[in-house]
Amino acid sequence: MNKAVSGQSGVRQVAKLAGVSVATVSRVFNQASTVRPNTRDKVMAAAKQLNYVPNSAARSLTMNRSYTIGIVIPTIDNSIFARFIDAIEQTLATQGYGLIVATCGFDRHSESRRVEELLKMGIEGLILSGAEHDEELLELIAARNLPLVCTSLFDSDYPWPTIGYDNYSMGKAIARHLLDHGHRQFHILSGPRDLIDRTRIRVQGILDCLQDAGVSDISISETDLNFAAGCQAAKNILTPPLNFTALLCTSDVLAMGVLLEAPRLGIRVPQQLSVTGFDDQDWAAVSNPGLTSVHTPSRRMGDATARALMDNIEQGIAVASQLIDSHLVIRDSSGPAP
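What counts and how
Residues numbered from 1 in each chain as written. Predicted model: local features only at pLDDT ≥ 70, side-chain atom pairs only at ≥ 80, totals over all residues. Heavy atoms only, no water. Core = buried A, V, L, I, M, F, W, Y, C linked by side-chain atoms within 4.5 Å. Buried < 20%, exposed > 50% of the residue type's maximum accessible area, 1.4 Å probe, protein only. Helix = DSSP H or I, 4+ residues; strand = E, 2+ residues; numbered from the N terminus. Contact = heavy atoms within 4.5 Å. Pairing = 2+ DSSP bridges. Axes fitted to C-alpha atoms, helices over the stretch in contact; angles between N-to-C directions. Polar contact = N/O pair within 3.5 Å; in protein donor to acceptor, adjacent residues only side chain to side chain. Arc of directions from axis to C-beta.

Enquirer: With reference to specific residues and values, describe the nonpolar core.
Expert: Core analysis: the largest hydrophobic core is formed by 25 residues, its most contacted members being Ile69, Ile88 and Leu92. The set of elements that each furnish at least two residues to this core consists of β1 (68-73), α5 (79-93) and α12 (298-315). Top contributing element to this core by residue count: α12, with seven residues. Apart from the residues within four sequence positions on either side, Ile88 is in contact with Ile71, Leu99, Ile127, Gly302 and Ala306. Counting residues in hydrophobic clusters, the runner-up holds 21 residues, among them Ile237, Phe244, Ala255 and Ile267.

Below you can see the structure in the form of structure tokens.
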């Protein structure tokens, strides 16, 4: 077996075997669009035969490019973010880009520090969650002329491109589903609305739908976004006698906490209480009972975000806001009002 080669000597060996110039080999591995397909095939075949490994560090220095995108997200504990990141990485890899991931909790000041660290690493594009960020951070991004996409929500009026979901409309849709089942007493369990704009928008959609329907029996509580918090919230709000028949959770992780705790409290779902979530995580379909939830296609959002940034960097195509369609998935955790 041939030993893997890299560096300038490796480029010359590939060029000789493929019958092309060293410059052509460089253009192939820099993914230049000017290379003919048959020439590209010859170079790739020669590289495979020689086990040629391109030196990405040398490539970056030569091109004065980092070929990296940065992303700052609240957490990687939530599987919705894991799927999102995986889709971004897979799409970026098709054009030789890498992804640097940083987390910030739901702290805007921490987010700004993480972005500054990414800028020092020479990122060529940036992905942030939501549309509420420190003004100084946005000014810094604008001064650097850095492509930015804000994700997980769609707002065509926002000054920066947004690629994500219509959280407001889907909040209304899940409330309408419960209204159609005869529910008139509601509790909303959400994450911290003052820290998470997506959560606040979802809650507003729910409230507007319920109030437009003439419903006034609505209560709201907030907690951290994790299973344990959902369980604790269930203990706090599911005290007999229940004064609501529908519990709308703005995240699946909270809804799962409720589904775990309700049987321990002797509450049957959905016979006594309908429970709904938001995000339609992988386990929502196999929970007991299956969780009614809003499906937010995070992989499609990740792919669209990565492609938009690469199109901007490579071809100068302006990043445009994109609405990623979401829909309600009805399962056994919701039913007629008792």
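The discussion continues.
Enquirer: Provide a residue-level description of the sheet that holds strand β8 (residues 246-249), including the pertinent values.
Expert: The strand order across the open sheet formed by four strands is β7-β6-β8-β9, and the pairing between neighbours is parallel. In this open sheet, the two strands that pair with only one neighbour each are β7 (218-222) and β9 (274-276). Strand after strand, the sheet turns through a mean of 15 degrees between neighbouring axes, direction not considered. Of the pairings in the sheet, the one linking strand β6 (residues 186-190) to β7 comprises five bridges and is parallel in character. The residue of β7 that forms the bridge with Leu189 is Ser221. Helix-sheet contacts for helix α9 (residues 197-212) involve β6, β7 and β8, and the interaxial angle to β6 is about 170 degrees.

Enquirer: Lay out the environment of Thr162 with the relevant residues and their values.
Expert: Its location among the elements puts Thr162 in strand β5 (residues 162-164). Sequence separation between Thr162 and Ser326 is 164 residues; the distance between their C-alpha atoms is 15 Å. Once residues lying within four places of it in the same chain are set aside, the contact partners of Thr162 are Cys150, Leu153, Phe154, Asp155, Ser321 and Gln322. A distance of 2.9 Å separates the side chain of Thr162 from the backbone nitrogen of Asp155, its partner in a polar contact.

Enquirer: Quick rundown of helix α7 (residues 135-143)? Include the residues and the values.
Expert: Within α7, the full set of buried residues consists of Leu137, Leu138 and Ile141. Each buried residue of α7 sits inside an arc of 95 degrees when the element is viewed along its axis, so together they form one side. Turned more than 90 degrees from where α7 packs its buried face, Glu135, Glu136 and Ala143 sit exposed. Next to the buried residues of α7 lie α6 (108-120), β3 (125-129) and β4 (148-151). Among the residues trailing α7, Asn145 stands out with phi positive, at a value near 55 degrees.

In short, the description is geometric, and any link to function would need to be established separately.
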